Amino acid sequence: MAMISGDNHGLRLAVRYTVLALIALIFIFPLVFMVMSSFKPDQQLLVDASSLRAFLPVGDISLNNYSAAFERAPVGLFVFNSVLVTGVTVALSLLICSAAGFAFVFINWKGRGVILSVLLATLIVPFETIAIPMLLMVSKLPWLGMEGLTWGWLNSYHVQIIPFIADGLTIFLFVQYFKDLPGELIEAARVEGASWFQIYRRIVMPLSGPILATAAILKFLAMYNQYLWPLMVTQEEGYRPVMVGLQYFFQLNIAWGEVMAYLSLITLPVLGFYLYLQKAFIASIASTGVKG
Amino acid sequence: MKFNKLVASAAILAWASAANATETLSMWYHGAGNEVELKLINEVIADFNAAQADWKVELQTFPQAAYNDSVVAGALAGNLPDILDVDGPVMPNWAWAGYMQPLKIDESKIANFLPGTKGIWNGQLYSIGLWDAAIALTTRQSILDELGLRKPTVDAPWTKDEFMAALDAAKASGKYEFALDLGTAWTGEWYPYAFSPLMQSFGGDIVDRSTYKTAEGALNGEAAQAFGAWWQGLFTGGYAQSTQDGADRDSGFASGKYAFSWNGNWAALGALSAHPDTVFLPPPDLGNGPKIGAASWQFGVSATSKFPEGAAAFIEFALDDKYLAAFSNGIGLIPATPTAAEMVDNYKAGGPLADFVTYSSKFGMVRPVTPGYVVQAKVFEKALADIAQGADVAATLDAAVDEINADIEKNSGYGH
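None of these values were measured; they are calculated from a predicted model.

It is worth spelling out the domain arrangement of chain B at this point. Residues and elements named next belong to chain B. Segmentation of chain B into domains returns domain 1 (25–131 + 296–361) and domain 2 (135–293 + 372–415). One C-alpha centre belongs to domain 1, the other to domain 2; they are set 28 Å apart. Roughly 1400 Å² is buried in total at the junction of domain 1 and domain 2, and carbon and sulfur atoms are behind 71% of that figure. Contact with domain 2 buries area across many residues of domain 1, yet Trp96, Phe356 and Tyr359 alone supply 43% of it, more than any other trio. The tally of links between domain 1 and domain 2 comes to 0 salt bridges. The interface formed by domain 1 and domain 2 includes 4 residue pairs in polar contact (both at pLDDT 80 or more). Looking at the side of domain 1 that touches domain 2, the elements that each hand over two or more residues are α4 (91–96) and α14 (354–363). Per-element tally for the side of domain 1 that touches domain 2: the top contributor is α14, with 5 residues. In terms of residue class, the side of domain 1 that touches domain 2 is built from 11 nonpolar, 5 polar and 2 charged.

What follows is about the domain arrangement of chain A. Reports often express the size of an interface as the amount of accessible area lost when the parts come together. Residue and element names in this part refer to chain A. Assigned domains of chain A: these are domain 1 (1–72) and domain 2 (74–288). Once you take the C-alpha centre of each, domain 1 and domain 2 turn out to be 32 Å apart. Counting residues at the interface gives 16 residues for domain 1, matched by 16 residues for domain 2. With both sides pooled, the region where domain 1 packs onto domain 2 buries about 1400 Å², and carbon together with sulfur makes up 72% of that total. The three residues of domain 1 that bury the most area against domain 2 are Met34, Phe70 and Arg72, which together make up 44% of that side's buried surface. Across the contact surface, domain 1 and domain 2 share 1 salt bridge. The residue Glu258 makes a salt bridge to Arg72 at a minimum N-O spacing of 2.7 Å. Linking domain 1 with domain 2 are 3 residue pairs in polar contact (both at pLDDT 80 or more), by the criterion used here.

Rules behind the numbers
- Residues numbered from 1 in each chain as written.
- Chains lettered and ligands numbered in written order.
- Predicted model: local features only at pLDDT ≥ 70, side-chain atom pairs only at ≥ 80, totals over all residues.
- Heavy atoms only, no water.
- Domains from an automatic or database assignment.
- Buried area = accessible area lost by both parts, 1.4 Å probe.
- Salt bridge = Lys/Arg side-chain N within 4 Å of Asp/Glu carboxyl O.
- Polar contact = N/O pair within 3.5 Å; in protein donor to acceptor, adjacent residues only side chain to side chain.
- Helix = DSSP H or I, 4+ residues; strand = E, 2+ residues; numbered from the N terminus.
- Nonpolar A, V, L, I, M, F, W, Y, C, P; charged D, E, K, R; others polar.
- Contact = heavy atoms within 4.5 Å.

The structure is reproduced here in structure tokens:
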């Protein structure tokens, strides 16, 4: 009986892993296709696309598409711009949104329920509906920089960062997470005379690793994939991010190999960031049920 | 007294140096990512900057696919450059929207330019192009011979019946997967550019050009309905594909998949290198004369430019035949003047692509010259794609007319 039960367990495991492996393959195939295609000349890439060869490093393999991609567009500059804008936005967003979430959950102040509701309501407003009013606003705002006081934020890094530091979703994530923290900890700290800032910095944030990772990854992806906003506010090539840069490759006759090489290159920072925070992200999903 | 003289002299000097100061002209161009095009435009700018001291042009390039959106965003933010380039059929929209101002250049200099290169709206010149593009019915002499077909000429193009007989012969030969490559893999502007002239050759149009206030009768009239039925028949009859793989569009004619290809002069050299006996036939006369699309990218001056005279000076400078020829040699498009065409091996008399110059000047027809075109083009594309997929012709064209008319009404007639 024990033998049969053990066999069943083994079979169940085998089936489970097979299904999981198949699902993983479905998700990984587009990435493999992209990377493999980036090494192939266009003609071969298109022929291979209709067979399993599309996923294999076979045929005329070279790095020519990569060198051509660097010749066609300032790839390094675009990646730098995206990483800079995304990195700064993520860092500031974690700081501001976690502080806001802390204030909503732990500090008693008049109207916080109403303001939180209004913040949550912004989640249903598509960005496209506010893009033009935002453009009109930022094109007239003052900025104090190295050149003194200037008017208009267009063609800058800060125009791509500041409007996206705080957002309803990230604040909501922190609010939900903070609600599950033991209230006794906060109360004890208050009794001991700790200030709100001390509680935020020394108690709440050290306990918030998983939600910080989740918020960071979601924000990173949203910012790294920005297209419409940077297209509207960066007329100078020097400030363009990777997604606007992708358009450099869509000429009349599209060089698909170069497109794949460019996509492979710009995917690297995303993969690296995700792998770095993977453990905390999974822990966060497991503990809060948040889906990314 | 001496001090006063000194101050006066200094003031005069300051004024004089200010008067002689070089003003910077900003320029936007759609060619980012296209190395050859960028090299050419940079050469024109460098020559202009070196040739005079009043103006200095500074270039900012954009990827073509994102260019129009960038200009619209720039206009909203009050951040347009002095000089911009604009796709010919889009120009009336930008002029109407207040993004562009009339172009003040010596019009005698463009008297011999191809008609499609002149961006005229409301009776005024707004933009001018250094080149034009043209479409031909591409095939091989050996195919014509093998199928026993008459080679059409400019004066005696194929009639609709002859064209269909040619497609029938190609289909019946069993040698080709499809008789005709229409390029349905390409979407967007390709549809109105390549296919609305076929409708015009039937006698229909995207919009009623006599008033530009309605599409009624033009896009759903008898001629347009006949075109729609014929268009649908190309697909249901198995002559062409309603959906096409991009790779087939790029290499299908070269590999012998198609007997005929409806394609532009930009693809002509590739076809010739695949098959040296490639011939570029005039468009068929489908009842109302042979027609092809005209107007490509052109240069104009933004409405907010502080230096329209400088911007116009640059554009006038760029109209020199040597630049028209250089662009043609570089990117394969048709030079705007016959004299420049003579400087280009491909397009000079007897050159392998000389037919395109003739087709452009004789059969070229600009797309509807109205600010509403940008919407009408999208409606037209959708209607043709739906009909190709089997949608009811009359109902689809009626729906397209309603959509276009609603847009015209919403925009108070677009100033017509």
